[in-house]
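Here's the letter readout for the chains.
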Amino acid sequence: MKKIKNFIAALCAAVIAISVLPARAIAAPDGRLLAITFDDGPGKYTDELLDGLETRGVTATFFVLGSLVGKYPNAVRRIVQNGHQLASHTYSHLQLTKLSAPRLKSEIDDTRAILAAYGGEQTYYIRPPYGSCNAAVKKAANAPLILWSVDPLDWKYRDTATVTETIVNSVQDGDIILLHDIHETSVKAALRSIDALRAEGYEFVTVSELFRRRGIDVQNGEKYYCVRNEGVNLGPSNDAETLKEHWASNTISYALENGIADLFDDGSFRPNYSMSRGAFAAALGRLWIKNGGDISAQGGAEYKFSDLPVSSDYGDYIRWASSEGIMTGYGGGKFGYYDAVTREQMAVCVTRYLKFVGADVSDSDAYLSYNDSSKIAKWARGGIGCCTDKGLLKGDEKGEFRPKTNMTRAQVVTVIKRIDELLQDLRAEKEAKDPALTPVLTADGDAVMRETAALKPKPPEKAEAQTAIASETEPAPPSVADVARDTFLIPARLIYRAYSSILSLFGKK
Ligand code: NI
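For every chain, the first residue of the written sequence is number 1, and numbering continues from 1 onward in sequence order. At least 70 in pLDDT is required for a residue's local features to be given in this predicted model, at least 80 for side-chain atom pairs to be given and counted, and no such filter applies to totals for whole chains, interfaces and linings, which use all residues.

K.L.:
Would you mind going over the overall build of the chain with me for this structure?
P.N.:
Summing up its helical and strand segments, the chain has 19 helices and 9 strands in all. Split into buried and exposed, the 509 residues of the chain put 47% on the buried side. Long-range pairs, those at least 24 residues apart, make up 78% of the contacts in the chain with a sequence separation of at least 6. Strands here are runs of E lasting at least two residues and helices are runs of H or I lasting at least four, both read from the DSSP assignment and numbered beginning at the N terminus. For every residue, the other C-beta atoms within 10 Å of its own C-beta are counted; 20 or more classify it as buried, 12 or fewer as exposed, and values in between as partly exposed. C-beta atoms are placed from the backbone. Working definition of a contact: two residues with C-beta atoms, positioned from the backbone, lying within 7 Å.

K.L.:
Please explain the pairing of strand β2 (residues 61–64) as it appears in this structure.
P.N.:
Looking down a regular strand, the side chains alternate between one sheet face and the other. Side chains Thr 61 and Phe 63 project from β2 onto one buried face, and the interleaved Phe 62 and Val 64 project onto a second face that is buried too. Judged from the 3 bridges that link them, strand β1 (residues 32–39) and β2 form a sheet pairing that is parallel. Its bridge partner lying in β2, Asp 39 is registered against Phe 63. The rule for pairing is simple: two strands pair if DSSP sees at least two bridges between them. With 4 bridges joining them, β2 and strand β3 (residues 85–88) adopt parallel strand pairing. Opposite Phe 63, over in β3, you have Ala 87 as the bridge partner.

K.L.:
Whenever I open this one, the nonpolar core confuses me. Can you help?
P.N.:
One finds Ala 281, Ala 283, Leu 284, Val 350 and Val 413 to be the most contacted residues of the largest nonpolar core, which totals 62 residues. Where this core is concerned, the elements lending two or more residues are α12 (249–257), α13 (277–290), α14 (315–323), α15 (343–356), α16 (378–389) and α17 (409–433). Core analysis: the next-biggest nonpolar cluster, separate from the first, contains 59 residues, Val 58, Val 137, Leu 197 and Tyr 202 among them. The term nonpolar core refers to a group of buried residues, namely Ala, Val, Leu, Ile, Met, Phe, Trp, Tyr and Cys, whose C-beta atoms join them within 7 Å.

K.L.:
What should I look at first to understand the confidence of the model for the chain in this one?
P.N.:
As a note on interpretation, predicted positions should not be read in detail where pLDDT is low. Confidence of the predictor at the level of single residues is given by pLDDT, which spans 0 to 100. With 76% of its residues at a pLDDT of 70 or more, the chain has an overall mean of 79. In this model, residues 9–29 is a region of pLDDT below 50 whose contacts with residues beyond four sequence positions or in other chains number 33 contacts. This stretch, residues 437–509, has a pLDDT under 50; its non-local contacts, to residues over four places away or in other chains, come to 160 contacts.

K.L.:
Help me understand helix α8 (residues 160–170), please; the structure alone is not making it clear to me.
P.N.:
Two residues of an α-helix separated by three or four positions point the same way, owing to the 3.6 residues in each turn. Taken together, the buried positions of α8 are occupied by Thr 160, Val 163, Thr 164, Thr 166 and Ile 167. Buried residues of α8 fall within an arc of 165° about the axis and therefore sit on the same side. The outward face of α8, more than 90 degrees from its buried face, is lined by the exposed residues Ala 161 and Asn 169. For α8, the secondary structure elements touched by its buried residues are α7 (154–157), β5 (176–180) and α9 (184–199). Here the arc refers to the set of directions running from the helix axis out to each C-beta atom.

K.L.:
I'm lost on α14 in this one. Help?
P.N.:
Listed in full, the buried residues belonging to α14 are Tyr 317, Ile 318, Arg 319, Trp 320, Ala 321 and Ser 322. At its buried positions, α14 is contacted by α13. Gly 325 sits one or two positions beyond α14 and adopts a positive phi of about 75°.

K.L.:
Whenever I open this one, the environment of Leu 153 confuses me. Can you help?
P.N.:
Summarising the element assignment, Leu 153 is placed in the loop between β4 (145–146) and α7. Taking the C-alpha atoms as reference points, Leu 153 and Ile 167, separated by 14 residues in sequence, lie 10.0 Å from one another.

K.L.:
How should I be thinking about the packing of α13 against α17 in this particular structure?
P.N.:
Fitting a line to C-alpha atoms yields each axis, with helices limited to the stretch in contact; the angle taken between N-to-C directions then spans 0 to 180 degrees. Between α13 and α17, the shortest axis-to-axis distance is 11 Å and the interhelical angle comes to 20°. One way to sum up the angle between α13 and α17 is to call them roughly parallel. The two elements α13 and α17 meet at a crossing, and its hand is right-handed. On α17, the residues that touch Phe 280, Ala 283, Leu 287 and Lys 290 of α13 are Val 412, Val 413, Ile 416, Ile 419 and Asp 420. A per-class count over the contact of α13 with α17 returns 7 nonpolar, no polar and 2 charged. Should an angle fall under 35 degrees it is called roughly parallel, over 145 degrees roughly antiparallel, and 65 to 115 degrees roughly perpendicular, with every other angle called oblique. Two helices cross in a left-handed way if the nearer one is turned anticlockwise from the farther one by less than a right angle. They cross in a right-handed way if the turn is clockwise. Amino acids are sorted into nonpolar (Ala, Val, Leu, Ile, Met, Phe, Trp, Tyr, Cys and Pro), charged (Asp, Glu, Lys and Arg) and polar (every other residue, Gly among them).

K.L.:
Quick question: what am I supposed to make of the environment of Ala 116 here?
P.N.:
Following the sequence through the fold, Ala 116 ends up in helix α5 (residues 101–119). As for Ala 116 and Leu 86, which are separated by 30 residues in sequence, their C-alpha atoms are 9.7 Å apart.

K.L.:
Would you mind showing me how to read the packing of α8 against α9 here?
P.N.:
Helix-helix packing: each pair is described by the crossing angle between the helix axes and the interaxial distance. With their axes 8 Å apart at the nearest point, α8 and α9 run at an angle of 40° to one another. When the axes of α8 and α9 are compared, the pair comes out oblique. For the pair α8 and α9, the crossing hand works out as right-handed. Listed contacts from α9 to Thr 160, Val 163, Thr 164, Ile 167 and Val 168 of α8 are Thr 185, Ser 186, Lys 188, Ala 189, Arg 192, Ser 193, Ala 196 and Leu 197. For the contact of α8 with α9, the per-class residue count stands at 6 nonpolar, 5 polar and 2 charged.

K.L.:
What is the right way to read unusual backbone geometry from this model?
P.N.:
Among all residues except glycine, the phi angle is most often negative; among peptide bonds, the trans geometry is most common. Geometrically, the link from Gly 41 to Pro 42 is a cis peptide bond, its omega value of 0° lying close to zero. Along the polypeptide, Pro 42 turns up in the loop between β1 and α2 (46–56). With a phi angle near 75°, Asp 40 is a residue other than glycine that sits in the positive phi range. Mapped onto the fold, Asp 40 is located in the loop between β1 and α2. On the basis of neighbour count, Asp 40 is assigned to the buried category, with 21 C-beta atoms found within 10 Å. If you check the backbone angles, Tyr 130 has positive phi at about 65° while not being a glycine. When you line up the elements, Tyr 130 lands in the loop between α5 and α6 (135–141).

Here it is as structure tokens:
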């Protein structure tokens, strides 16, 4: 009887594992496209906007002022790194039609030179200030002139709800939307509009990608307001070629093959994007499932976050991670679904995951070994110390941990893969010692672990769970632009005990 029960449990886990694998449709060729654009920045809200775009996997076009680039260099670097289109709004926002020829030339050429220092030699599209354009401007531009077809007057209303409503109610396929990232209300309206319009099936692309998808051979000195579908509607470009060159190429293949991470709607992986906390919960949950775990039996008692999207792909994983005390949110009922997972958050959650699977982990003072240890939040010290002791996370070339830096998607899957490999090693090691634990094949081929008296995975004690909740109350810090490649080392002896816990899963009532 017990054996049958165990078999059913394993079968359920297998079915769940299959049903939660990513099944994201790649946008159809008849898909509706929009380009969202931002003028007059960069400014003090640009980073907030970049965070929001990053976790949504959305690209935009930034028409920046040459005179402001030096004030926000990190924001401009992030624009380029995150695959947005960097473009010119001229140097000092003068009305180009009123300028002398030399001044007109310097407004355009000086900005192009500044942008080239960030995005390399290429054609930087231009949006003339006030949309003001004549024959002289067209001639001096030496680039396509990009106007707009949707203008919610965000600079005038400075009201998130009004601006969002105007955008959502007025867009049509092929529109170019004008906003200004120097206003906080505009940044919030942009993100809200993106959420609403993506739910309606729109895909957001950069202006240059909009031209490419519509088969338009864009011309220097020509004005463009929108790019409608006139019969040509190409599919998204695949980043498979780019991925081949990436340092985490093998790991990304592993992550996709095993369903650890999803592709974005356009079929790309975007390894250098930050990973959202929602996607991180899913990655941990899928690792658990891959090793025979079950996320379905957790009930809903602790699933109480108020900030999850209505149709969340990752809801079940978040419920599991929350009820097991692995990811407990920020407090106040907030999970921070779209926020990027930072290095310190990851350290804390990985430590909890190791505890959950029964690994022998303990907090330590090893965080003090980093040159920037004073920047490490109190709640994260133990986790960072533990991950450092175990060789899971290490500092950069300057000996800094950079606790508030976002983890990229490539870095997260790298950590997940190494944990997984260790679990496999430990499983093999344990099996060699105890043949009673070898898998038995059932009649229909499902591998079922024979019941053992091994330890059960032990959820955190009440007091521990309380600490866990208290220790993740800080909101995700603003991201840091330059996320260097990290390497993660894991000593082979790690998580020895985790193995036995996983085996025992099917013995769980
Ligand atoms: Ni402007």
